[in-house]
Amino acid sequence: MALTPLIAYAHVVKSFGNGHDAGRVMAVDDVSLDIAAGEFVAIVGASGSGKSTLLRLANRLLDADSGRVVVEGADVRDVDPVGLRRRMGYVFQSGGLFPHLCVADNIAITPRLLGWTAAEIAARVDELLDLVRLDRSLHRDRLPHELSGGQQQRVGVARALAARPRIMLMDEPFGALDPLTRDILGEDYRALHRRLALTTVMVTHDTTAALLLADRIAVMRAGQLVALGRPAELSNNTDPCVAELLRTPRRQAERLNALLPGESTG
Ligand code: ADP
Ligand code: MG
């Protein structure tokens, strides 16, 4: 890659457990991956394949056993983890909103920690509600339990964007939602990614969504990165695990084509 990557994993290893060999799980096993500024990369793979671990190594919720993770040119071990996390938005499946705080206060958490003035915070909250397409007056003062699952995830995205990060890390952000809501939020997020010139790494078990949303897809199996490429490149990959992942979207596409024949042929 010609440009300096915004996020670079080089031979990264992360294991869990006690002892030295037998009892240890190699959650991430010698993964190297470069992500360019502005890219949208999806990480797919079976449950337990190391997707979440890989993501958490970027914002230092976890530290690697060996290898290097470089973010915006600096080895993450050399930077303050709190500052690092403020530069990288993080959204995960359960939303993680504070149940006793209203929408505006949830979104304002990081700006408050950064010492923004009340006026700056109020203006930013309004701007963010517009960005994630939630009606300001209707949603500002609501508590999380008064929102639908999709609306809660919109607030989660707004909160992650509050301090204007360049990078968004998302761990199955829309995984708990019904398929229609998931689809709409995925499309809305893709538009935000482009509009705000973000760099996004999104873990998902939904291969169809990954194919439709991401520029490149990284396939994990048992801690290893087994494939990486654009959808058409994955389609040419002969690895059985990649073929297996593409089977469901291919079958869905075939069935839908049969049910909804194209207009041009009719
Ligand atoms: P994925 O997100 O693909 O489902 P994870 O990255 O969560 O996979 O987990 C990869 C492997 O590491 C799994 O075997 C999991 O059980 C193990 N693992 C993840 N986090 C921990 C932890 N904090 N302690 C012990 N084992 C863990
Ligand atoms: Mg996970």
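This one's a predicted model, so the numbers in the text were calculated from it and none came from an experiment.

A. Examining the pairing of strand β4 (residues 66-71) more closely. Sheet topology note: the strand β1 (residues 7-16)/β4 ladder contains five bridges and is antiparallel. Bridge pairing in β4 places Ala10 opposite Arg68. Here β4 pairs with strand β5 (residues 74-75) via two bridges, running antiparallel. Paired with Val71 across the strands is Ala74, a residue of β5. Taking the residues between adjacent antiparallel strands as the criterion, β4 and β5 are bridged by two residues, where Glu72 takes a positive phi near 50°.

B. Up close: the sheet that holds strand β6 (residues 88-92). Read from one edge to the other, the open sheet built from six strands follows the order β6-β7-β8-β3-β9-β10, with strand pairing classed as mixed. Strand pairing shows two members of the sheet lacking a second neighbour, β6 and β10 (224-229), which therefore form its edges. Going from strand to strand, the sheet's axes swing by 15° on average, the running direction of each strand aside. Pairing geometry for strand β7 (residues 167-171) and strand β8 (residues 199-203), over five bridges, is parallel. Across the sheet, the residue bridging to Asp171 is Val203, located in β8.

C. Inspection of the site of ligand 1 at higher detail. As a matter of local geometry, ligand 1 sits amid Phe16, Val25, Ala27, Ala46, Ser47, Gly48, Ser49, Gly50, Lys51, Ser52 and Thr53. One of the side-chain N or O atoms of Thr53 is found 2.6 Å from an oxygen atom in ligand 1. Sort the elements by how many residues they give to the shell around ligand 1 and helix α1 (residues 51-58) lands first, with three residues. Split into classes, the residues belonging to the shell around ligand 1 amount to four nonpolar, six polar and one charged.

D. Local environment of empty space enclosed by the protein. Applying the stated rule across the entire model yields two cavities of 30 Å³ or more. A volume near 60 Å³ is recorded for the largest cavity. What lines the largest cavity is Leu57, Arg60, Leu62, Asp63, Ala64, Gly67, Arg68, Val69, Asp75, Val76 and Arg77. With three residues, β4 is the single largest residue contributor to the lining of the largest cavity. Counted by class, the lining of the largest cavity contains five nonpolar, one polar and five charged residues.

E. Quick peek at the nonpolar core. Counting residues in each nonpolar core, the largest one holds 44 residues, and the members touching the most others are Val157, Met168, Tyr189 and Val219. With sequence-adjacent residues up to four places away left out, Val219 is seen in contact with Val44, Gln224, Leu225, Val226, Ala227, Leu234, Cys241, Val242 and Leu245. Judged by nonpolar contacts, the second largest core, of 27 residues, contains Ile7, Val28, Ile43 and Ala218.

F. Examining the layout of surface pockets more closely. Empty space within the largest pocket amounts to approximately 510 Å³. If you go around the largest pocket, you meet 20 residues; those closest to its centre are Arg85, Met88, Tyr90, Thr110 and Arg159. Of all the elements in the fold, those that place two or more residues in the lining of the largest pocket are α2 (81-86), β6, α4 (109-113) and α7 (149-161). Examining the composition of the lining of the largest pocket, we find that five residues originate from one element, β6, more than from any other.

G. Region of interest: the sheet that holds β5. In space, the four strands of this open sheet follow the order β2-β1-β4-β5, with antiparallel pairing throughout. The open sheet has two free edges, formed respectively by β2 (25-35) and β5, since each of these has just one partner strand. Along the sheet, α1 contacts β1, β2 and β4; its crossing angle with β1, the most-contacted strand, is approximately 120°.

Calculation rules
Residues numbered from 1 in each chain as written. Chains lettered and ligands numbered in written order. Predicted model: local features only at pLDDT ≥ 70, side-chain atom pairs only at ≥ 80, totals over all residues. Heavy atoms only, no water. Pairing = 2+ DSSP bridges. Helix = DSSP H or I, 4+ residues; strand = E, 2+ residues; numbered from the N terminus. Axes fitted to C-alpha atoms, helices over the stretch in contact; angles between N-to-C directions. Near = heavy atom within 4 Å. Polar contact = N/O pair within 3.5 Å; in protein donor to acceptor, adjacent residues only side chain to side chain. Nonpolar A, V, L, I, M, F, W, Y, C, P; charged D, E, K, R; others polar. 1 Å grid on protein atoms, 1.4 Å probe; cavity = no way out; pocket = protein on both sides within 12 Å on 5 of 7 lines; lining within 4 Å. Points joined across faces, edges and corners; volume = space filled by probe spheres on them. Core = buried A, V, L, I, M, F, W, Y, C linked by side-chain atoms within 4.5 Å. Buried < 20%, exposed > 50% of the residue type's maximum accessible area, 1.4 Å probe, protein only. Contact = heavy atoms within 4.5 Å.

Nothing here speaks to function; it is all geometry.
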